[in-house]
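# Structural characterization, general
Okay, here's what each chain looks like letter by letter:
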Amino acid sequence: MMQLCFHLDHAASLPYFLEKTTFKGRVFMTQATQAIYKLLLSEYVSKVSVKDMLYDEQDILRSMDKIEVIDFHHTLEVNGIRFWCYTAGHVLGAAMFMVDIAGVRVLYTRDYSREEDRHLRAAEIPQFSLDICIIESTYGVQLHQPRNVREKRFTDVIHSTISQGGRVLIPAFALCRAQELLLNLDEYCSNHPELHNIPIYYASPLSKRCMAVYQTYINSMNERIRNQFANSNPFDFKHISPLKSIENFNDVGPSVVFRVDCQDNYFKCGASRKKMHVLYLEVTLMNGLTAPLNMQVHYISFSAHADFAQTSTFLKELMPPNIILVHGEANEMGRLKQKLITQFADHNTKIISPKNCQSVEMYFNSEKREKTIGRLAEKTPEVGETVSGLLLKKAFTYQIMHRLKHMFESVESLPDEESEGPAFRVHERLTVKYESEKHISLHWRSDPISDMVSDSVVALILNISREIPKIVVESEEATKTEEENNKKAEKVIHALLVSLFGDVKFGENGKLVISIDGNVAHLDKLSGNVESENEGLKKEWVRVAFQWIQNAVKPIPLCLSSFPQVFFVFPTSS
């Protein structure tokens, strides 16, 4: 599963999906998305009544341990399916995923924006050819006003209202949009001294907590913010303060209040994307008295979704043969589909707008390509010529190599007096000795070619019997006991953990105590589980680091069986 951003319409069901269903797959998201995911969902759970609660805080914490972080442009592979992600704009950490299945490439944009704003980069344009583009259609054929026009309208309305002694309430319904508006207004106030004494607040504990995340991921933002951060923290606002509660609000004159993630009932009005109509002529005050409603409503969109101009330009750059429209109201999606059909009429582009839960089937007649390796690759076959060999398939890739009987061109028997028993030499590199009915030993000096030969000989031997063989590792100096190997491995693991985290001590019950920036984590060496009282500590980083080190240091688990035994002998001089 690939999580594209932290907004609730993307992420709110994830704890339920991971903890309340039979899903056993893997989940990937970017680091910034994971950081805000936990804060946002904890806030969400705190506002949901018990009877409507699908999951609790503990489910969110457990889901965090199952999330795997992916970096932008870093390719991962699961069961032969390769995928990587690009910056999507929209919000901090938002990603577009490219998925490669047997050579068929699918780009899933979901929420994206090709407009660079005050702190976010624009969505990237992948430099790969696509077969399918699954793209959002939120705004259909609508066009956004230029950003500078919207910003001027925004600051003009605020300045005008304050100049008349009024108060401004700004409902910013989404994280990231709130940060964008705060950056805009703080800069405007810096350039207008007459506003320096006007109280400006943002009333959201969630936004305050998320500010720390924004400051952590400055390098994920655009060049403007990164350059500004070199001199000062752009999210350390000079003219805007957090409002802890309504009791701390001194309503005695002009003021501005951002209410982040607020609901429609903060003021009695109906809303659409284009305009708002005031429904009430008077309001009830806190003392019970009524007063005439003296309020203006201005709708200025700072949405970070692509409009038609961005969508059509983006698709012209990519020119995918198949376009699937998602994430949009049915009428807007229909209008967008018709306009794109007209726009791509000369390119035989297939455009689909499926309903929710509707399956879409596509068929691709892709050629299967097999790579020849070894001696088969020395000569290019003629057209129509049959190539005979062993076909190896891994996921969606194929390779052809010589049949096993052709692999070993040189197999010589050794005299009994030289080998003290039946033996033969393969490729003048590997010696195979028959020690007894259930004991065969392999001797070679390690180098890439000899290692490959030994691997293939072992594969042949292991296929002699259906039983899983027992593999024992020997050294020419001495056969070390399993206990000694484990002690040596533990020392190496401890040293590598110290090099990564610094302070690593041995604790009780075989656990390691790791101190990271003053936070303490307890690592269980047997299970690999990490415990910490500090929720901010990246337990997943510690767990994954330990797993990687353990896999690298400790030998492959030895299988248990009685036939045959294969001894690997490594020379000490190599």
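Computed from a predicted structure; not experimentally measured.

The rules behind the values
- For every chain, the first residue of the written sequence is number 1, and numbering continues from 1 along that sequence.
- In keeping with the model being predicted, local features are shown solely for residues with a pLDDT of at least 70 and side-chain atom pairs are shown and tallied solely at 80 or more, while totals for entire chains, interfaces and linings include all residues.
- The side-chain values count all of the structure's non-hydrogen atoms but skip hydrogen atoms and water molecules.
- Only runs of H or I of at least four residues qualify as helices and only runs of E of at least two qualify as strands under DSSP, and these elements are numbered from the N terminus.
- Helices are assigned an expected span. That span is 1.5 Å times one less than the residue count.
- Whether a residue is buried, partly exposed or exposed follows from its accessible area with a 1.4 Å probe, protein chains only, as a fraction of its type maximum: under 20%, in between, or over 50%, in that order.
- As used here, the arc belongs to the directions running from the helix axis to the C-beta atoms.
- Two residues form a contact once any of their heavy atoms are found within 4.5 Å.
- In this description, strands pair whenever DSSP reports at least two bridges between them.
- Every angle, taken between N-to-C directions, lies between 0 and 180 degrees, and every axis is a line fitted to C-alpha atoms, over only the stretch in contact when it is a helix.
- Each angle receives one of four descriptions, namely roughly parallel if under 35 degrees, roughly antiparallel if over 145, roughly perpendicular if within 65 to 115, and oblique otherwise.
- A clockwise turn of the near helix away from the far one marks a right-handed crossing, whereas an anticlockwise turn of less than a right angle marks a left-handed crossing.
- Gly falls in the polar group here, along with every residue not listed as nonpolar (Ala, Val, Leu, Ile, Met, Phe, Trp, Tyr, Cys, Pro) or charged (Asp, Glu, Lys, Arg).

What follows deals with helix H5 (residues 147–163). Helix length check: H5 (17 residues) gives 24 Å between terminal C-alpha atoms against 24 Å at 1.5 Å per residue, within 8%. All of the buried residues in H5 are Arg-150, Glu-151, Phe-154, Thr-155, Ile-158, His-159 and Ile-162. Down the axis of H5, the buried side of the element spans an arc of 160°, and every buried residue falls inside it. Structural note: H5 exposes Lys-152 and Ser-163 on the side pointing more than 90 degrees away from its buried face. The first or second residue beyond H5 is Gly-165, which carries a positive phi of 80°.

What follows concerns the side chain of Ser-63. By the secondary structure assignment, Ser-63 is in helix H4 (residues 57–66). Note on Ser-63: relative accessible area 0%, which makes it buried. Beyond its immediate sequence surroundings of up to four residues, Ser-63 is in contact with Pro-15, Leu-18, Glu-19 and Tyr-37.

To continue, consider the sheet that holds strand S29 (residues 530–531). As summarised here, the arrangement of the four strands in space is S26-S27-S28-S29, forming an open sheet in which the pairing is antiparallel. A strand with exactly one partner marks an edge of an open sheet, and here the two such strands are strand S26 (503–506) and S29. Judged from the six bridges that link them, strand S27 (residues 511–516) and strand S28 (residues 519–524) form a sheet pairing that is antiparallel. In the strand pairing of S28, Leu-512 is matched with Leu-523.

So, on to helix H10 (residues 330–343). Under the 1.5 Å per step criterion, the end-to-end length of H10 is 20 Å for 14 residues, consistent within 8% with the ideal 20 Å. The set of residues buried in H10 consists of Glu-332, Met-333, Leu-336 and Leu-340. Down the axis of H10, the buried side of the element spans an arc of 95°, and every buried residue falls inside it. Opposite its buried face, H10 presents the exposed residues Ala-330 and Thr-342, each directed more than 90 degrees away.

Look at helix H3 (residues 31–46) against H4: their axes get within 10 Å of each other, and the N-to-C directions meet at 170°. Considering their axes alone, H3 and H4 lie roughly antiparallel with respect to each other. The chirality of how H3 crosses H4 is right-handed. Residues Gln-34, Tyr-37, Lys-38, Leu-41, Ser-42 and Val-45 of H3 form the contact with H4, whose participating residues are Glu-57, Ile-60, Leu-61, Ser-63 and Met-64. For the contact of H3 with H4, the class distribution of residues is six nonpolar, three polar and two charged.

Take unusual backbone geometry next. Even without being glycine, Arg-110 reaches a positive phi, approximately 50°. Relative to the assigned elements, Arg-110 resides in strand S6 (residues 104–110). Although it is not a glycine, Asn-348 sits at a positive phi angle of roughly 55°. Its place among the elements puts Asn-348 in the loop between H10 and strand S17 (350–352). Residue classification places Asn-348 among the exposed positions, given a relative accessible area of 72%.

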